[in-house]
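Inside the fold
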Amino acid sequence: MAAPAPLDAAAAAAQASLVTVTEDYAGQRLDNFLIRHLKGVPKTHVYRIIRSGEVRVNKGRAHADTRVEAGDIVRLPPVRTSERAEQKAQAMAQEIARHGASSTVGGYAPAAEFPILFEDDFLLAIDKPAGVAVHGGSGVSFGIIEQLRMARPEAEFLELVHRLDRETSGILLIAKRRMALKLLQEQFRERETDKVYLALVSGDWPAKQRVIDKALHKYLLPNGERRVKIVANDHPDAMRSVTLVKVKSAIAPNALAPATPFTLLEVTIKTGRTHQIRVHLAGEGHPIVGDDKYGDFELNKALQRSAPGVVALKRMFLHAWSLKFNHPKTRKAVQLQAALPEELQQFLPSRQSPAAEETETP
């Protein structure tokens, strides 16, 4: 049997494809640009075709760290992306069938969608549930962003604009274009957003205590877990951290903790430090109820028990409630709000005492 005739140069070129870089990808490294466009192709193969010169930018050779610009023409060699992507999806389905959706075997993320608060061509805002990480890492094989990418295989770009702790629920922004990611992250970095959390703390929070300006230091426990503590401003690793607090309502003790009153707070952070709200509130002697890292562990244990007429609290009471920002395209203000999850709302009494108005002593 005769061997098949080799492909001539013209035929080989016909199998390659040319991709024009759009504004969304301007400034991205070439390797990351290819990984996005050659879905299902192993990273090792992506770097191999770059080194071999099969990938060209404006007809010239390029390196993995070359930054592509809007209007650049990128030549992609013929690669069997669809078959590889299908194999990965099949393998993922097999792992989930064998081990369940929470399986870490193979590192595959099961597709999932989440309650949508806002969506257009530029961004997606979801109501993140508590107990779900926003991304894989630190012992978590996958998070919300990986699940969304698996659920939306047609999406060319999905990236987290900011992060929430795994135990925190509420508003989470995802950019659908690189331009949107850059502009939204700039707003967060420059503190041009207005983000308010709802936090339930133990004790009666003093209404006059509205600003917490205490430096924080991040460190690791012997087991590798992250922790944060308040330190002096002159500490060599001190990071200035500012939290604004407003009393929303006073909550009376309940049957689970009859000696402990609570306070529902509206909390705004002016600096985005790891665990900032949790550490600042605990440092004032009013930890967030249900906080398993900085909270009152005996109180948490009591609140997890069942009692007639009272709903147990089995999670941290911290919720990203409200977010205001400027739309990356229209520049118009967008105001979002995520209602308290049912498990938190049920823990609160149906009638709450409003915050007392401050009056000046004559």
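Below is a short write-up of the structure. Treat the numbers as computed from the prediction; the structure is a model and nothing was measured.

**Here we look at the sheet that holds strand β3 (residues 60-61)**
If you walk across this open sheet you meet the four strands as β1-β4-β2-β3, and the pairing is antiparallel. Single-partner strands in this sheet number two, and they are β1 (17-20) and β3. As paired strands, strand β2 (residues 56-57) and strand β4 (residues 73-76) are joined by two bridges and run antiparallel to one another. If you follow Val57 over to β4, its bridge partner there is Val74. Sheet strands touched by helix α2 (residues 30-37): β1, β2 and β4. Its angle to β4, the strand with the most contacts, is close to 60°.

**Overview of the pairing of strand β12 (residues 226-230)**
Where strand β11 (residues 216-220) lies against β12, five bridges are found, and the strand directions are antiparallel. Note that in β12 the partner of Tyr219 across the bridge is Arg227. Linkage of β11 to β12, two consecutive antiparallel strands, is achieved through a turn of five residues, within which Gly224 is found at a positive phi near 95°.

**Looking at the pattern of salt bridges**
Side-chain pairing between opposite charges can occur once the charged atoms of the two side chains come close. The tally for this structure, following the rule as stated, stands at 15 salt bridges. The closest approach of N and O atoms between Arg29 and Asp31, which form a salt bridge, is 2.7 Å. Residues Arg278 and Asp291 are paired through a salt bridge, measuring 2.8 Å at the closest nitrogen-oxygen approach. Placement of Arg278 in helix α7 (residues 276-283) and of Asp291 in the loop between α7 and α8 (297-303) is noted, with a sequence separation of 13 residues between them. Across the pair, exposure class does not vary: Arg278 and Asp291 are buried alike. Each of Asp165, Glu167, Arg278, Asp291, Asp292 and Lys293 takes part in a single network of salt bridges with overlapping partners.

Parameters at a glance
Residues numbered from 1 in each chain as written. Predicted model: local features only at pLDDT ≥ 70, side-chain atom pairs only at ≥ 80, totals over all residues. Heavy atoms only, no water. Pairing = 2+ DSSP bridges. Helix = DSSP H or I, 4+ residues; strand = E, 2+ residues; numbered from the N terminus. Contact = heavy atoms within 4.5 Å. Axes fitted to C-alpha atoms, helices over the stretch in contact; angles between N-to-C directions. Salt bridge = Lys/Arg side-chain N within 4 Å of Asp/Glu carboxyl O. Buried < 20%, exposed > 50% of the residue type's maximum accessible area, 1.4 Å probe, protein only.

Any functional reading would require information beyond the geometric quantities listed.
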